[in-house]
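Listed below are the residues making up each chain.
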Amino acid sequence: MSQIKIAYNLLIVFCVFAFLIPKDGNAQIVIGTPNLGFSQACASDSFNTYNATFIFSPEAGLNASNQFVVELSDADGDFSNAVEIYTSTPGSITESPATVNFSFPTNTAGEYYKIRIKSTAPVATSAGSAPFAAYYKIQDAPFTINNLVSTGAFCLGGSYLLTIDNPGSGTNDSPLNYPSLTFNWFKETGPTTSEFIAEGDTLEVTEEGTYFVETNYGTCTSDSFSNRVTIYQVASGDAEAGVSSSLGNPFCPDNGATTLSTISANSYQWFKDGEAIIGATEQMYEAMESGTYAVQVDLGSCSAFGAIELESEAFEASINVDEMTVIAEGESLSVLVSSTASNPIYEWYLNDNIITEATSDTYEATLQGNYTVIVTETNGCQASRELTFSIEEAVDPFPEVEKIPNIVSPNGDGFNDTWIIPTAYVSGTNTEVMIMTNRGKVVLQTDNYLNNWPENDLELTSVNQVFYYVISTPDGDTKKGSITVVR
């Protein structure tokens, strides 16, 4: 072969080889199937961190800008609409094997998810991982059905509808508040066994038994389950209608009224201590006090009756003084609080200002004003009671006045309510005081006047009625005049 022809062939081979080499100078990489660091993913608000490990080769094949991406399939393992659940920062992963951490979306729910790993520079994709169950437990707390009533009843040939409460009563966290969730209903077959009945938000029961429902989190364990309800079939006569209290029994009235609930029926009538409660004809009734509450329900061709002995945890509290007390200057008032509160604490106030040193059930009050003591129970109900009283300074019944007044206005305003005369004529001076109507009828005659007329209703015949007085001292001095009583 001539030298020219050999050189020509070598040139062609070189050109072909040069064309096959990538322009960026890096070879493609291969990513191995990811190895899961978990067997199933049961994510929640409190835990949602999982990992997977993968290998890739060659390490030198990565560009400096490369990012690794973790993609999540749908619940059937299909990557057609894969979701990116992790993306590394550019150039942060350079060595194989590599481990990445990721979290699952809140709508994750299924038994056959897969993940795969992708690179961006160069572009490469691994095979899908082994399938795994994954659920995000967006609601993972017990919830109520049937308004927490433990029984239900239906007439022969009928049915009873069990429903998940929404919102329910008390602190019930209804899973119906989370639209992505689905539910499985079960019937107990033994003390620790049950059988699946149906899916859905409700269950129409046509057979006697004990039923409950769980949020569908597949093979993941969960606390998202309901109370048990026992359903009876009634052939004739009265069935048992359960009654529940939303705040428990006993209940704390300081948290508001407790809601009494009974089974579903056509109509209702509630009773308290044997007496029908007017207008209480709904499935629920709000109660604020202790008593025996009962309900009669109409199931159609049969009826049911239920009752609950409701107890209130409200404690009693009282003080040993009157609502208003008068004390003289220099005197004090000993106040004692009596209560049935469990482990109480006390706060005392004078004119809405706290008395910092007063923290017990007793207080020695010396100042006039408006007092308040707040008793708080720190165990059990943890309620408070407020007690009030006031102290007024004693009024001098014999104040010094210069003249004998001729007007009295007994209207209870504390000013000029009685006829106050100079101290030279009052009790202890042996002065005779006589008051007469304008017709001469004596309405008061005493030598021990206490500045207290008029004490009683005068049955006035006019708006302003005139009376006459005669004051006679022991030394023969006499004062006369008129008194106009103004109303």
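Figured I'd write up the structure that's included with this text. A quick note: this is a predicted structure, and the numbers were derived from the prediction, not measured. (Residues numbered from 1 in each chain as written. Predicted model: local features only at pLDDT ≥ 70, side-chain atom pairs only at ≥ 80, totals over all residues. Heavy atoms only, no water.)

1. Some details on the sheet that holds strand β4 (residues 50–54)
With respect to topology, three strands assemble into an open sheet ordered β2-β4-β8, the strand pairing being antiparallel. Lying at the two open borders of the sheet, with one neighbouring strand each, are β2 (35–36) and β8 (98–102). (Pairing = 2+ DSSP bridges. Helix = DSSP H or I, 4+ residues; strand = E, 2+ residues; numbered from the N terminus.)

2. Things to note about the nonpolar core
Of all hydrophobic cores here, the largest spans 43 residues; its most connected members are L162, I231, L260, I263, V297 and L299. Residues within four places of L260 in sequence aside, it is in contact with V243, S244, S245, W270, Q283, M284, Y285, A287, Y293, I308 and L310. Formed by 27 residues, the second largest nonpolar core is a distinct cluster that contains F38, Y50, I93 and V100. (Core = buried A, V, L, I, M, F, W, Y, C linked by side-chain atoms within 4.5 Å. Buried < 20%, exposed > 50% of the residue type's maximum accessible area, 1.4 Å probe, protein only. Contact = heavy atoms within 4.5 Å.)

3. Focus on the environment of T340
By secondary structure assignment, the location of T340 is in the loop between β30 (333–339) and β31 (344–350). Look at T340 and you get exposed, because its relative accessible area is 54%. Not counting residues within four places of it along the chain, the set of residues in contact with T340 comprises F315, E316 and E377. Among the polar contacts made by the side chain of T340, one reaches the main-chain amide nitrogen of E316 at a distance of 2.9 Å. (Polar contact = N/O pair within 3.5 Å; in protein donor to acceptor, adjacent residues only side chain to side chain.)

4. Some points on the layout of surface pockets
Size it by volume and the largest pocket reaches roughly 360 Å³. Around the largest pocket sit 14 residues that line it, and G414, N416, D417, T418 and I420 are the ones nearest its centre. Here the residues of the lining of the largest pocket are counted per class, giving eight nonpolar, four polar and two charged. (1 Å grid on protein atoms, 1.4 Å probe; cavity = no way out; pocket = protein on both sides within 12 Å on 5 of 7 lines; lining within 4 Å. Points joined across faces, edges and corners; volume = space filled by probe spheres on them. Nonpolar A, V, L, I, M, F, W, Y, C, P; charged D, E, K, R; others polar.)

5. Brief notes about the side chain of T258
Relative to the helices and strands, T258 is located in strand β22 (residues 258–261). The exposure class of T258 is buried, given its relative accessible area of 0%. There is a polar contact of 3.3 Å between the side chain of T258 and the backbone nitrogen of S246. Engagement of the side chain of T258 in a polar contact is seen with the backbone nitrogen of L247, the distance being 3.0 Å. With sequence-adjacent residues up to four places away left out, T258 is seen in contact with S245, S246, L247, F251, Y285, E286, A287 and L310.

6. Thoughts on the packing of aromatic side chains
Tallied over the full model, the rule gives 23 aromatic pairs. Geometrically, the ring pair formed by F102 and F104 is edge-to-face, given 5.8 Å between the ring centres and 80° between the ring planes. Classification of F104 by relative accessible area gives buried; the value is 4%. Grouping aromatic residues by their ring pairs yields a cluster made of F38, F47, Y50, F102, F104, Y113 and F132. Between the NZ or CZ atom of R228 and the centre of the ring of F212, over which it lies, the distance is 3.6 Å. R385 extends its terminal NZ or CZ atom over the ring of F315, reaching a point 4.9 Å from the ring centre. (Phe/Tyr/Trp six-rings, centres within 6.5 Å; stacked < 30°, edge-to-face > 60°. Lys NZ or Arg CZ within 6 Å of the ring centre and 35° of its normal.)

7. Describing the environment of V229
Secondary-structure assignment places V229 in strand β19 (residues 229–234). Of the residues examined, V229 reaches a relative accessible area of 0% and is grouped as buried. Taking the C-alpha atoms as reference points, V229 and Y346, 117 residues apart in sequence, are found 44 Å from one another. Apart from the residues within four sequence positions on either side, V229 is in contact with I145, N146, V149, S150, T151, G152, L162, G209, T210 and Y211.

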